[in-house]
Amino acid sequence: MRRLNLEPLLTFPDGSHLVVSTHCAKDGMFSCALYNAVVAEDDGAVFRMVSNLLGAMTCLAAQETAYHYAIQLFPRGADSIKKPPYLIWHGPQAAGG
């Protein structure tokens, strides 16, 4: 779980969230995936992937692809879906770095 970069895009009427995760591969390619997240009162969460990895040559292109895919999946929420750019967490910094 510590490798996921999650940015909420939309909150559904049932309280669950549509979130996007952005990753940069070692080869320089970027990818995003969309998840449905249900957060419990104890801050535990259950994630269900709702898209395959959506890849591109740049981070912004991958995020824009994910955004457009989200609009196709949830057209009723299109006006409420957060637009890119999205968060990218680079993970914990190494000691001294």
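See the structure printed just above.
From a predicted model like this one, the values you see are computed outputs, not experimental measurements. (Residues numbered from 1 in each chain as written. Predicted model: local features only at pLDDT ≥ 70, side-chain atom pairs only at ≥ 80, totals over all residues. Heavy atoms only, no water.)

A. Inspection of the pairing of strand S3 (residues 30–39) at higher detail. Burial within S3 is extensive, with eight of its 10 residues counted as buried. Taken together, the eight bridges between strand S2 (residues 17–24) and S3 define a ladder with antiparallel strand orientation. Looking at the pairing, Val-19 lines up with Tyr-35 of S3. In sequence, S2 turns back onto S3 through a hairpin of five residues, with Gly-28 there showing a positive phi of about 90°. As defined by bridge partners, S3 adjoins strand S5 (residues 54–56) across three bridges and the pair is classed as antiparallel. Following the sheet pairing, Ser-31 is matched in S5 by Gly-55. As paired strands, S3 and strand S4 (residues 45–49) are joined by five bridges and run antiparallel to one another. Within the sheet, the bridge partner assigned to Val-38 lies in S4 and is Val-46. (Buried < 20%, exposed > 50% of the residue type's maximum accessible area, 1.4 Å probe, protein only. Helix = DSSP H or I, 4+ residues; strand = E, 2+ residues; numbered from the N terminus. Pairing = 2+ DSSP bridges.)

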